[in-house]
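Summary of structural features
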Amino acid sequence: MTSKVSRRRVLKGAGIAAVGGASALLGGSTLAAQQGAPAIRTNTQAGRRIRAFVKLDRVDIPSMQPVTLRALTGRMVAVRTEAAQTCYSSVGQLLLPSPAAAQNVNVVGHGGVGIVEAIGPEVFAVQVGDRVIVNFHSSCGWCHNCVRSRADQCLNGGGGNTPTGDTADGKPVFSGTSGMTEVMVVSQEKCVPIFTDVSSVELSMFTCVGNAGLGMAMTKCPVEPGSDVVVFGCGPVGLSAIQGARIKGAARIIAVEPIRYRRELALKLGATDVVDPNQYTSRTPTPFRGISGDSYKDALVDHIRDMCRQRTDRAYAGGGRIGPDHVIEAAGGDAYGDVLIRPSEVTGPDPTGMTVLSQVWQLCSRIGTSVSCSIGFPADARVQLPPNEWADSGKHFWGGTCGGTNTRRDVPRYVRLIEAGKLDMKALASRNYPLAETTEAYRVAMNRTVVATIVTPNA
Ligand SMILES: [Zn+2]
Ligand SMILES: [Zn+2]
């Protein structure tokens, strides 16, 4: 599909209908204001009062507070938020008071989608009126890591050391990435301008989790047509990874997930097989099996290796019990500090996630790629791997950082895949909440009763 979407059209409200087409995400007064917006408008935000979800002190859980914005500095951008997805990795911060949490007043969130309303004096990459995806990760194009093709590790993204506003009692507010706020104040390096009719609710899946899943399957794993891919976890990250593997032409995609409705959705989105890990929980020690042998027999690893077994055992005929070409870990752990989060939906055999990390490595073929991008593992835990195999096999392992996504390169590609009907993020964006119900949106995400929840602060 070829779709020419002008900034004028975006300002007039095209392309911002909520999923399901029930309502536009912006109110009429906002639209009127944006229709009159000049191309360049700097530092018009000072003194403006907005509402944002912030964490006021070390032991508090975040709440909606009035914030008075400061003047925009440098390359900072003010973006009126249309939709922001509740990343599971913030669940602990939102729901569990912790003395180890940040001391500053920070706006909650891992990015969002919205319209640029004002820009700082040094901004050059976006204009007022642009529709942008504010990403958790930045991409400046100039730093040491960006010029070495590793924008996923960009060093210029934060903009988080300068307060962007003040609370009612005068405490400075830091934005970082933000998202759960009426106006995101972020650096331009986090903003990717998007020109499309795709709804903001769907696009909000590309601020963090969708990028992580798609990046793992499409950037970090060299998935070739006809390959076998195993994905652990069918939350928004894993379901994105499954779609990425399908788009790249994997012949077999095995999804490992304890929750039934997520396994069923995985099959609709591209998985060819699903496995409930709670059916394969035994781990039994094995006698010494040579320098590359595992020290124990893991029933889940064994079962999936059998699923991936070639149709012959004759090595000269390409056969054997090879194992999958690629294994993607999108399950994560449920640890938040010393606390283990307890979802209402069923969890896997090991809620710390540590067993899955070992299984991911073991399962992968000797020349395959395994990749992980989760968090939530207990900080003092250690991954157990067969040491000889880890040191001397041909396996590759990649650590995540949003699946290696270069936001300015990859996010527009992902949007085009939606437009082409090849990628379904609508199926992942399950339920919308107003800003005042942000805590509930995170609680539902924590309980995993739906795939993903979205906050629409200006709906
Ligand atoms: Zn995130
Ligand atoms: Zn950079």
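Counting restarts for each chain: residues are numbered from 1 in the order of the written sequence. Here every chain gets a letter starting at A, and every ligand a number starting at 1, in the order they are written. With the structure being a predicted model, the display of local features is reserved for residues of pLDDT at least 70 and the display and counting of side-chain atom pairs for 80 or more, all residues being used for whole-chain, interface and lining totals. To obtain the side-chain values, all non-hydrogen atoms of the structure were included, while hydrogens and water were left out.

1. Section: the overall build of the protein
Secondary structure elements are taken from DSSP: a helix is a run of H or I of four residues or more, a strand is a run of E of two residues or more, and numbering for both begins at the N terminus. Helix and strand content of the protein: 12 helices and 22 strands. It only takes one pair of heavy atoms within 4.5 Å for two residues to be counted as in contact. A sequence separation of at least 24 residues applies to 74% of the contacts in the protein between residues at least 6 apart. Accessible surface is estimated by sampling points in the Shrake-Rupley manner with a 1.4 Å probe; for residues, cover comes only from the protein chains shown. For the protein, the exposed surface amounts to about 19,200 Å²; the carbon and sulfur share of it is 51%.

2. Considering the coordination of the zinc ion (ligand 1)
Donors, by definition, are the N, O and S atoms found within 2.8 Å of a metal, the threshold being 3.2 Å for Na, K and Ca, and water is not counted, so a site can look incomplete. Taken together, C87 (SG), H110 (ND1) and C208 (SG) make up the full set of protein donors to the zinc ion (ligand 1), lying 2.0 to 2.3 Å away. The sequence motif formed by the donor residues of the zinc ion (ligand 1) is C-x22-H-x97-C. Here C87, found in the loop between β3 (76-85) and α3 (91-95), pairs with H110, found in the loop between β4 (105-107) and β5 (112-119); they are 23 residues apart in sequence, far enough to count as distant. Accessibility expressed as a relative area gives 12% for H110, which makes it buried. Exposed residues in this analysis have more than 50% of their type's maximum accessible area, buried residues have under 20%, and partly exposed residues fall in between, with area computed by a 1.4 Å probe over protein chains only.

3. Topic: the side chain of E329
In this structure, E329 sits in strand β16 (residues 326-329). Of note is the side chain of E329, whose polar atom sits 2.4 Å from the side chain of S372. In this view, E329 contacts M216, F232, V356, L357, V360, V371, S372, C373, S374 and F377; residues no more than four positions away in its chain are not counted. A 3.5 Å cut-off defines polar contacts: any pair of N or O atoms within that distance qualifies, except that in protein one atom must be a possible hydrogen donor and the other a possible acceptor, and neighbouring residues in sequence count only when both atoms are side-chain atoms.

4. Some details on the coordination of the zinc ion (ligand 2)
Here the zinc ion (ligand 2) is held by C140 (SG), C143 (SG), C146 (SG) and C154 (SG), and the distances to it run 2.3 to 2.5 Å. Of note is the zinc ion (ligand 2), whose four donor atoms meet at the metal with angles of 104 to 121 degrees in an arrangement that counts as tetrahedral. Mapped onto the polypeptide sequence, the residues donating to the zinc ion (ligand 2) form the spacing pattern C-x2-C-x2-C-x7-C. Here the two residues C143 and C146 agree in accessibility, since each one is buried. Geometry is assigned from donor-metal-donor angles: four donors are tetrahedral when every angle falls between 85 and 135 degrees, four are square planar and six octahedral when opposite donors sit over 155 degrees apart with all other angles between 65 and 115, and any other arrangement is irregular.

5. Some thoughts on the pairing of strand β11 (residues 228-232)
Taken across its five residues, β11 has five buried, putting it largely inside the fold. Of the two faces of β11, the one carrying D228, V230 and F232 and the one carrying V229 and V231 are both buried. In this sheet, strand β12 (residues 252-256) lies alongside β11 in parallel orientation, the contact comprising five bridges. Its bridge partner being in β12, V229 is matched across the sheet by I253. Tracing the backbone out of β11, into helix α6 (residues 236-247) and back to the parallel element β12 gives a crossover that is right-handed. Only strands joined by at least two bridges in the DSSP assignment are considered to pair. Examined bridge by bridge, β11 and β16 share four bridges and lie parallel to one another. Bridge pairing in β16 places V231 opposite I328. Viewed with both strands pointing away, a crossover whose connecting path from the first strand over the helix to the second turns clockwise is right-handed.

6. Focus: the environment of G157
As for its placement among the helices and strands, G157 is situated in the loop between β6 (131-134) and β7 (165-167). Judged by its relative accessible area of 6%, G157 falls in the buried class. Put simply, G157 and G176 are 19 residues apart on the chain and 8.9 Å apart in space, counted from C-alpha to C-alpha. Excluding anything up to four places from it in sequence, G157 contacts S138, S187, E189 and K190.

7. A closer look at the packing of α6 against helix α7 (residues 260-269)
In this description, a line fitted to the C-alpha atoms serves as the axis of each element, helices being fitted only across the stretch in contact, and the angle between N-to-C directions of two axes falls anywhere from 0 to 180 degrees. Between α6 and α7, the shortest axis-to-axis distance is 9 Å and the interhelical angle comes to 25 degrees. In terms of axis orientation, α6 runs roughly parallel to α7. By crossing handedness, the relation of α6 to α7 is classed as right-handed. Of α7, the residues touching α6 (which contributes L239, I242, Q243 and R246) are R262, L265, A266 and L269. Basically, the charged four are Asp, Glu, Lys and Arg, the nonpolar ten are Ala, Val, Leu, Ile, Met, Phe, Trp, Tyr, Cys and Pro, and anything else, Gly included, counts as polar. Looking at the contact of α6 with α7, its residues break down into five nonpolar, one polar and two charged. Should an angle fall under 35 degrees it is called roughly parallel, over 145 degrees roughly antiparallel, and 65 to 115 degrees roughly perpendicular, with every other angle called oblique. Note on convention: near helix rotated counterclockwise from far helix by under a right angle means a left-handed crossing. Clockwise means right-handed.

8. Things to note about the confidence of the model for the protein
One rule of thumb: low pLDDT means the predicted coordinates there are not for detailed reading. Confidence in the prediction of the protein, expressed as mean pLDDT, is 87, and 86% of residues score 70 or more. The pLDDT value expresses, per residue, how confident the predictor is, ranging between 0 and 100. Low pLDDT (under 50) marks residues 10-38, which in the prediction has 60 contacts with non-local residues, meaning those over four places away or in another chain.

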